[in-house]
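# Structure at a glance
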Amino acid sequence: MNDPIPIFGQSGSGKRTPFRPLRLLAGILAIIVFIGIGGFIQFVLEIPEPTDPAAQTAPMDVDALVVLTGDRDRIMSAVQLLENGSGARLLISGVNTDISREDLATQFGGPDTRFDCCVDLGFRARTTVGNADETSKWVSEKGYTSLAVVTSDYHMPRSLVLLRNEMPDVTLLPVTVASSGMDRPLGNVRVARLLVTEYAKYVITLLRTRFG
């Protein structure tokens, strides 16, 4: 007697398609890549526009200023803000130990400037994490509650994350400085490498500060 034909399901041997973990893994990787590209594009679009300290005619309403070293234009911008009456003091964080106060005064100060009286130098910081730690200790020592942060445009997002993590009760006002070469198209190899590297550091910083 022949077996009855099943009413539900498919006839045949009943073999199922074997599970393919590689296909699942490829799908997961594709999603991760898609999210990463989307996040990178958003990061680039949200890089703040540079601020022109020379056009800042009225003093900024902050207790003090900090500039994160790495570019001469950053220090120049911060000193200009200090000279126009913004903040009581300026911290230059992450100064090279081979550079003296006299060297910086020669480049950025002068007899009629506030450099001698109102600029503090931080020599301990070697990274942006170090900048945040050095700045936090300085702000705590001085008792400041508001701070203008001067650094390059591409560097500002990560700097603010680290500084806010160290000083959640301090008001931070970003002052962005145009980075050399950032006016070139993203297709430029140097600019693209810089932005991709900074984005990777930014993501790692977010994960570390939010999840410990």
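Below is a short write-up of the structure.

Reading guide: rules and limits
- Residue positions within a chain follow its written sequence, with the count starting from 1.
- Under the rules for a predicted model, residues below a pLDDT of 70 receive no local features and side-chain atom pairs below 80 are neither given nor counted, while totals for whole chains, interfaces and linings still include all residues.
- Side-chain descriptors were evaluated using all non-hydrogen atoms of the structure, hydrogens and water having been removed beforehand.
- Any residue with relative accessible area above 30% and no salt bridge may belong to a patch, with like charges joined within 9 Å and the nonpolar Val, Leu, Ile, Met, Phe, Trp and Tyr side chains within 5 Å.
- Methods summary: accessible areas were calculated by the Shrake-Rupley approach with a probe of 1.4 Å, and residue burial reflects only the protein chains presented.
- A pair is scored as a salt bridge if a Lys or Arg side-chain nitrogen falls within 4 Å of a carboxyl oxygen belonging to Asp or Glu.
- The way it works is that DSSP assigns letters per residue, a run of H or I at least four long becomes a helix, a run of E at least two long becomes a strand, and they are numbered from the N terminus.
- Only protein chains enter the accessibility calculation, which uses a 1.4 Å probe. A residue is then buried if its area is under 20% of the maximum for its type, exposed if over 50%, and partly exposed in between.
- A pair of strands is considered paired only if DSSP assigns at least 2 bridges between the two.
- Lines fitted to C-alpha atoms define the axes here, with helix axes fitted over just the stretch in contact, and angles between the N-to-C directions of these axes take values from 0 to 180 degrees.
- Note on contacts: a residue pair is in contact if any heavy atoms of the two residues lie within 4.5 Å.
- Any residue with an atom within 4 Å of a point lines the site, the site being either a cavity, points on a 1 Å grid over the protein atoms alone where a 1.4 Å probe fits but cannot get out, or a pocket, an open set with protein on both sides within 12 Å along at least 5 of 7 lines.
- Grid points are joined across faces, edges and corners, and a volume is the space filled by probe spheres set on the points.
- Gly is placed with the polar residues, together with every amino acid not listed as nonpolar (Ala, Val, Leu, Ile, Met, Phe, Trp, Tyr, Cys and Pro) or charged (Asp, Glu, Lys and Arg).

## Concerning a nonpolar patch on the surface
A contiguous nonpolar surface patch, about 590 Å² in accessible area, is contributed by Leu22, Leu24, Leu25, Ile28, Leu29 and Ile32. Locating Ile32 in the fold gives a position in helix H1 (residues 21–45). The class for Ile32 is exposed, based on a relative accessible area of 51%.

## So, the pattern of salt bridges
Going through the model one piece at a time under the given rule, you end up with 4 salt bridges. Where Arg124 meets Asp133, a salt bridge forms, and the shortest distance between an N and an O atom there is 3.6 Å. Using a relative accessible area of 51% as the deciding quantity, one classes Arg124 as exposed. Residue classification places Asp133 among the partly exposed positions, given a relative accessible area of 24%.

## Remarks on the pairing of strand E3 (residues 119–122)
Because side chains alternate across E3, one face comprises the buried residues Val119 and Leu121, and the other comprises Asp120 and Gly122, equally buried. The sheet contact formed by strand E2 (residues 90–93) and E3 spans 4 bridges and is parallel. When the bridges of E3 are listed, Leu91 appears paired with Asp120.

## Things to note about the sheet that holds strand E1 (residues 64–68)
Taken in spatial order, the 5 strands line up as E3-E2-E1-E4-E5 in an open sheet, and their pairing is parallel. Either end of the sheet is taken by a strand with one partner, and the two such strands are E3 and strand E5 (171–177). Shown here is a sheet whose adjacent strand axes are inclined to one another by a mean of 20°, direction ignored. Strand direction decides the pairing type here: E1 and strand E4 (residues 146–152), joined by 4 bridges, are parallel. When the sheet's bridge partners are listed, Ala64 is paired in E4 with Leu147. Together, E1, E2, E3 and E4 form the strand contacts of helix H5 (residues 128–142), whose direction differs from that of E2 by roughly 155°.

## Notes on the layout of surface pockets
Put simply, the largest pocket is a space of about 320 Å³. Counting residues per element, the ones that place at least two in the lining of the largest pocket are H5 and helix H7 (189–211). Classifying every residue of the lining of the largest pocket by side-chain character gives 3 nonpolar, 11 polar and 7 charged.

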